[in-house]
Amino acid sequence: MKILVCMSNVPDTTTKVKFVDDFKKLDNNGIQWVINPWDELALTRALELKDDLGSGVQTVTVAHVGLAGSEPTIRKALAIGADDAIRINADAPDAYVVAAQLAEAIRNENFDMIFCGIESSDHNGSTVGGMLAEFLGCASVSCVSNVKLDAGGVVITRELGGSKEVVSVPYPFVAIVQKGIANEPRIAAMRGIMMARTKPIKVVEPRPLDSLTEVISYEMPVPRAACKFVEAENAADLISLLHNQDKVI
Amino acid sequence: MAVLIYLENWDGKFKKLSFELVSYASKIAEMLGSQSLALTIGNVEEQELEKLSVHGADKVLHLKNEKLDTLDEQAFSNLVADVARKYNATVLVLSNNNSGKALAPRLSVQLKAGLVSGVSKLPVSVSPFVVYKKVYSGKAYANVQIKTDLKILTLAQNSFELIHNPKPYVVEHLNIQPSDNLLNTKVKEVQKLTGKVLLSDADIVVSGGRGMKSADNWGPLVELADLLGAATACSRPVSDEGWRPHEEHTGQTGKIIAPNLYFAIGISGATQHLAGISSSKIIVAVNSDKDAPIFEAAQYGIVGDAMKVLPKLVDAVKELKLR
Ligand SMILES: Cc1cc2nc3c(=O)[nH]c(=O)nc-3n(C[C@H](O)[C@H](O)[C@H](O)COP(=O)(O)OP(=O)(O)OC[C@H]3O[C@@H](n4cnc5c(N)ncnc54)[C@H](O)[C@@H]3O)c2cc1C
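Definitions and limits used
- Residues numbered from 1 in each chain as written.
- Chains lettered and ligands numbered in written order.
- Predicted model: local features only at pLDDT ≥ 70, side-chain atom pairs only at ≥ 80, totals over all residues.
- Heavy atoms only, no water.
- Near = heavy atom within 4 Å.
- Polar contact = N/O pair within 3.5 Å; in protein donor to acceptor, adjacent residues only side chain to side chain.
- Areas by Shrake-Rupley, 256 points an atom, 1.4 Å probe, with all protein chains shown as cover.
- Helix = DSSP H or I, 4+ residues; strand = E, 2+ residues; numbered from the N terminus.
- Nonpolar A, V, L, I, M, F, W, Y, C, P; charged D, E, K, R; others polar.
- Buried < 20%, exposed > 50% of the residue type's maximum accessible area, 1.4 Å probe, protein only.
- Pairing = 2+ DSSP bridges.
- Axes fitted to C-alpha atoms, helices over the stretch in contact; angles between N-to-C directions.
- Expected span 1.5 Å × (residues − 1).
- Contact = heavy atoms within 4.5 Å.
- Salt bridge = Lys/Arg side-chain N within 4 Å of Asp/Glu carboxyl O.

Draft legend 1. Region of interest: the site of the ligand. Surrounding the ligand, one finds 26 residues, the nearest of these being Arg210(B), Ser235(B), Ser268(B), Gln272(B) and Asn287(B). In this structure the ligand sits where residues from chains A and B come together. One of the side-chain N or O atoms of Gln272(B) is found 2.7 Å from an oxygen atom in the ligand. Within the side chain of His273(B), a nitrogen or oxygen atom sits 2.8 Å from an oxygen atom of the ligand. Protein contacts shield 78% of the accessible area of the ligand, which totals 980 Å² for the unbound molecule. Counting only elements with at least two residues in the shell around the ligand, the list comes to helix H6 (236–240) and helix H7 (271–277) of chain B. Counted by class, the shell around the ligand contains four nonpolar, 17 polar and five charged residues.

Structure representation (structure tokens):
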């Protein structure tokens, strides 16, 4: 069995984002790039499944659409334990193009399970996983908080608003994973970092594809008004404000 | 030309977010001078369907089929795509909740329609079609143009006011069969979460962080939530420690919510926490450290010990209820 984890390369979650070119482009200056937190958890779960020798998982591959600049992040995934990587050498103008490029690059690679994180922390789209499944013409399961393999096949837990369901789908499928899929992201050990240097990254040239959407400009949030402080002794006043002035309780 | 709305239902019932979505889509239909069509799949009573016209749906499309009692992403998205083609939809809107996130991306590929998810306002313009959405987990916003003829949007929860816009109730019961070869999701077990206010639906959320000090201190926080009809939530270290269940974890790697009122009790306000709650309409922070970053995000703040402040808040709410 082969698992693919799709990976996005995002600014570290503590980054103070800034824009250049008249608010048209992210200012890359000083940004520390990391594996998207959800994808890191997806990778962790894939590796846990592979570690379980009875599971039959032979390889865990990561795939990424991005230019050569994202190779250090791919190396991190290899250091954490992925066996190999595929990089589609293209910019990522929108999710549609990313998913289409991924689908073309992996269509003939016979992955049984494909994991995608629920969202990427840059454009917060929640879109690549479902799009990829549709391009591949296979099943998808969203809101997945657990994937297990047992004698009967794959057992997936998904969390729909208000209920938790245990479901199964035929291979191959895309699982779009969220909170619960793994507890803590796995951290690269020294040995992993050494081994990552020689693990293969296959570079695939992209298809020419047009995006369906385009960011025209970015805006910074309107700053919130300064916090109004209420004395701890007069905590009751706060409740009156919320009731009488803001009418939220 | 039509604006097609896909509405999930929960055991045949709609929620506030369903009516937000109808209100929103009907406004877009007005902007475009077209009709709004509200589609739902499953067993829904007539009187529930009628509620959709109250919020502006020109026509309700109802599709019932016993094969569709569980969400199969491939089968459902194919059906919605069929309906979108049949009614010549130019805009398709879904909620940015679990089912919307599951279906919208597949629809985007099937219909080759540009998708923007998590929009929080009416389109900035309809020609060109530009929408506004949160990016970088709330640290910025983007104006995004959709270049295709058919546009797909998912609406962020609690971002659009309900509109009372009654239309005559017109319903069409659709008779479209799902293709059996696409129905592949087998459900083995269903566990319903009952009796609690769901975090994703709550108008008020009372949330605790590491400043609550231990699992044993949660009594007054839960009491405050109960009195307010609120859901309870927590920061990541709290659920990691097992003080509170994982479902309550909010933030970048937990739930992303946008209630009308969010109480952050003993939460420092780390950027990853704010990523999950910054769209709340009002944030109230209680923290013993006057320099805690949460006060920069909050409208109201109390500097003090949570264990002393919570009982005061509880008493004040009790008093309010007696009045
Ligand atoms: C990739 C990544 C993803 C993350 N995702 C999330 C996420 O989704 N959600 C999340 O919450 N965190 C997340 N974190 C963790 C985040 O960085 C913070 O560590 C976390 O939010 C801190 O939780 P806290 O505010 O409860 O605890 P602390 O930061 O320890 O803050 C406790 C606060 O309580 C106050 N306090 C102490 N005693 C009292 C008292 N008696 N009364 C009142 N106040 C008191 C303190 O002044 C302090 O401000 C993530 C981190 C990373 C790196």
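The discussion continues.
Draft legend 2. View of the pairing of strand E1 (residues 2–6) of chain A. Residue and element names in this part refer to chain A. Counted residue by residue, E1 has four buried out of five residues, so it is predominantly covered. For E1 and strand E6 (residues 59–65), the ladder comprises five bridges, and the chain directions are parallel. Along E6, the bridge assignment pairs Val5 with Val62. Pairing geometry for E1 and strand E8 (residues 113–117), over three bridges, is parallel. Considered in E8, the bridge of Leu4 is made with Ile114.

Draft legend 3. Spotlight on the sheet that holds strand E10 (residues 153–160) of chain A. The strand order E13(A)-E7(A)-E6(A)-E1(A)-E8(A)-E12(A)-E9(A)-E10(A)-E11(A)-E11(B) describes an open sheet built from ten strands, whose pairing is mixed. Edge positions in the sheet fall to strand E13 (201–204) of chain A together with strand E11 (186–192) of chain B, since each of these pairs with one other strand and no more. Taking each pair of neighbouring strands and ignoring which way they run, the sheet shows an average axis angle of 30°.

Draft legend 4. Summary view of helix H4 (residues 98–110) of chain B. Residue and element names in this part refer to chain B. Its 13 residues give H4 an end-to-end C-alpha distance of 19 Å, which sits within 8% of 18 Å, the value for a rise of 1.5 Å per residue. The buried count for H4 comes to eleven of 13 residues, which makes it a mostly enclosed element. Listed as buried for H4 are Ser99, Gly100, Ala102, Leu103, Ala104, Pro105, Arg106, Leu107, Ser108, Val109 and Gln110. Following H4 by one or two positions, Lys112 has its phi on the positive side, about 45°.

Draft legend 5. How the structure looks around the interface of chain B and chain A. With 83 residues of chain B at the interface, the matching set in chain A holds 79 residues. Summed over the shared surface of chain B and chain A, the result is two salt bridges. Applying the counting criterion to the chain B and chain A interface returns 42 residue pairs in polar contact (both at pLDDT 80 or more). Top element by residues in the side of chain B that touches chain A is H4(B). It accounts for eight residues.

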